[in-house]
Amino acid sequence: MTPGIQPADLGFFSTLAGAGSLSAAARELGITTPAVSKHLALMESRLGVALVNRTTRRMSLTPEGELYLEHARRILGEIDGMAEILGVAKATPKGLLRVNATLGFGRSHVAPIISKFVRKHPEVQVQLQLSVNPPALTEDLFDICIRFGAPPDSRVIARQLAPNRRLLCAAPAYLAKHGIPKVPNDLAKHNCIGIRQGEEAYGVWRLASGRGRSATTESVRTRGNLTTNDGEIAVSWALDGHGILMRAEWDIERYLRNGRLVQVLPHCYTPDADIYAVYPQRHQLAARVRAFVDFAALVLQQPRASASPAAA
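All of these numbers come straight from a predicted model, not from anything done at the bench.

A few points about the overall build of the protein chain
The secondary structure content of the protein chain amounts to nine helices and 15 strands. Buried residues in the protein chain amount to 46% of all 312 residues. Of the contacts made within the protein chain by residues no fewer than 6 positions apart, 74% connect residues no fewer than 24 positions apart. Counting only carbon and sulfur atoms, one obtains 52% of the accessible surface of the protein chain, whose full area is about 16400 Å².

Written as structure tokens, this is what we have:
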């Protein structure tokens, strides 16, 4: 009996889905449109499900077709990666690259990086997924995760792409009305804008004073009437004068430059939020992974005079 899924079907269906129509796929594959239609019909017959909704001019994937495409492209990407590792394929980056990033930073920085990257490497197909919290590093859901802070898991590779500090800030109008904190414990008397993200303890800000042996760290439990899981929203609330915010320097640097926000307790050091590319050790030899990480590091380390706000 002919198997339901044949290896040649994977590349065929990936091309078909990317082309958007039977005729466009036929031109890309160098065959006739009836031949494309016949191949698709045989696939659907073997599987016993419809993969494509056909109309006279356009086509769309069924839910089963979407699922088939997702797995087909993942498998094709793994085959390309294996060929690269074994030295069979050329060093040219190609294949599927699955990238995860946080919501705001992904929108503001990672998406533009991907746009530039695929222009340089058109044989790479990139899938970007944004999420509030980074996925578990043990799950094989992504090839690269862009995250803040080095992961503690030694089973993955973490390459620093760019340095990044967290700073305390507030709008001048808020500070004029409520006063300027002088020491960390003063924060407990202020309205602090809360962000629920990642695994960090919510509502507790850790601030260090001094350096070396004289350094001391204080944990301040903050309070406030505004909380969100979106850093970009939190920045907008700070700009509106609602309170004090702890946020990554990448998010707020242009507002500090133009005076819309003012740094609070500048003599205190807050936890670093350096930007890392995290990926499994087995992916480190894949050309598409190496190329993307190198490209992202190059872009992120360029001067950010015109950078837009982001969110971790």
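Here the narrative resumes.
A look at the sheet that holds strand E15 (residues 275-280)
Consider a sheet: its strands pair through backbone hydrogen bonds, and that pairing is either parallel or antiparallel. Pairing is mixed across the open sheet formed by five strands, whose spatial order is E4-E3-E5-E15-E6. This sheet does not close on itself; its edge strands, each paired only once, are strand E4 (124-131) and strand E6 (156-162). Neighbour to neighbour, the strand axes of the sheet diverge by 25° on average, direction disregarded. Note: strand E3 (residues 95-102) against E4, eight bridges, orientation parallel. Of the residues in E4, the one forming a bridge with valine 99 is leucine 128. Lying on the sheet, helix H5 (residues 103-120) is in contact with E3, E4, strand E5 (144-148) and E15; it crosses E4 at an angle near 175°. Each of E3, E4, E5, E6 and E15 touches helix H9 (residues 287-300); the most contacted strand, E6, lies at about 30° to it.

A short note on the nonpolar core
Among the nonpolar cores identified, the biggest contains 30 residues, and Ile144, Ile146, Leu161, Ile275 and Phe292 are the most heavily contacted of them. Top element by residues in this core is H9. It accounts for nine residues. Contacts of isoleucine 144, omitting those with residues within four sequence positions, involve Leu97, Arg98, Val99, Asn100, Ala277, Val278, Tyr279, Val289, Phe292 and Val293. Judged by nonpolar contacts, the second largest core, of 17 residues, contains Leu10, Phe13, Ala25 and Leu40.

Quick notes on the sheet that holds strand E13 (residues 262-264)
Strand order in this open sheet of three strands is E12-E7-E13, and the pairing throughout is antiparallel. Either end of the sheet is taken by a strand with one partner, and the two such strands are strand E12 (245-248) and E13. Along the sheet, successive strands turn relative to each other by an average axial angle of 55°, direction set aside. Here four bridges tie strand E7 (residues 166-170) to E12, and the two strands are oriented antiparallel to one another. Along E12, the bridge assignment pairs leucine 168 with methionine 246.

Points about the packing of helix H1 (residues 7-19) against helix H2 (residues 22-29)
Put simply, H1 and H2 touch, their axes get as near as 8 Å, and they point 125° apart. In this view, H1 runs oblique relative to H2, as classed from their interaxial angle. Like other packed secondary-structure pairs, H1 and H2 cross with a definite hand, here right-handed. Contacts between H1 and H2 involve Phe12, Thr15, Leu16 and Ala19 from the former and Leu22, Ala24, Ala25, Glu28 and Leu29 from the latter. Here the contact of H1 with H2 is composed, by residue class, of seven nonpolar, one polar and one charged.

Description of H1
Every buried residue of H1 is accounted for by Asp9, Leu10, Phe12, Phe13, Ser14, Thr15 and Leu16. At the C-terminal side of H1, glycine 20 shows a positive phi close to 90°.

Some remarks on the packing of aromatic side chains
As enumerated under the stated definition, the model contains five aromatic pairs in all. Judged by centre distance (5.1 Å) and plane angle (75°), the ring pair of phenylalanine 13 and tyrosine 68 falls under edge-to-face. Linking phenylalanine 13 in helix H1 with tyrosine 68 in helix H4 (residues 63-85), this pair joins segments that are 55 residues apart in sequence. The class for phenylalanine 13 is buried, based on a relative accessible area of 0%. A residue is classified by how much of its surface remains accessible, and tyrosine 68, at 9% relative accessible area, is buried. Their ring planes at 90° and their centres at 5.2 Å tell us that phenylalanine 117 and phenylalanine 292 sit as a pair that is edge-to-face. Residue phenylalanine 117 is found in helix H5, and its partner phenylalanine 292 is found in helix H9; the two are separated by 175 residues along the sequence. Phenylalanine 117 sits in the buried class, given a relative accessible area of 0%. Site record: aromatic cluster; members linked through ring pairs are Phe105, Phe148 and Trp250.

Definitions and cut-offs
- Residues numbered from 1 in each chain as written.
- Predicted model: local features only at pLDDT ≥ 70, side-chain atom pairs only at ≥ 80, totals over all residues.
- Heavy atoms only, no water.
- Helix = DSSP H or I, 4+ residues; strand = E, 2+ residues; numbered from the N terminus.
- Buried < 20%, exposed > 50% of the residue type's maximum accessible area, 1.4 Å probe, protein only.
- Contact = heavy atoms within 4.5 Å.
- Areas by Shrake-Rupley, 256 points an atom, 1.4 Å probe, with all protein chains shown as cover.
- Pairing = 2+ DSSP bridges.
- Axes fitted to C-alpha atoms, helices over the stretch in contact; angles between N-to-C directions.
- Core = buried A, V, L, I, M, F, W, Y, C linked by side-chain atoms within 4.5 Å.
- Parallel < 35°, antiparallel > 145°, perpendicular 65-115°, else oblique.
- Left-handed = near helix turned anticlockwise from the far one by under 90°.
- Nonpolar A, V, L, I, M, F, W, Y, C, P; charged D, E, K, R; others polar.
- Phe/Tyr/Trp six-rings, centres within 6.5 Å; stacked < 30°, edge-to-face > 60°.

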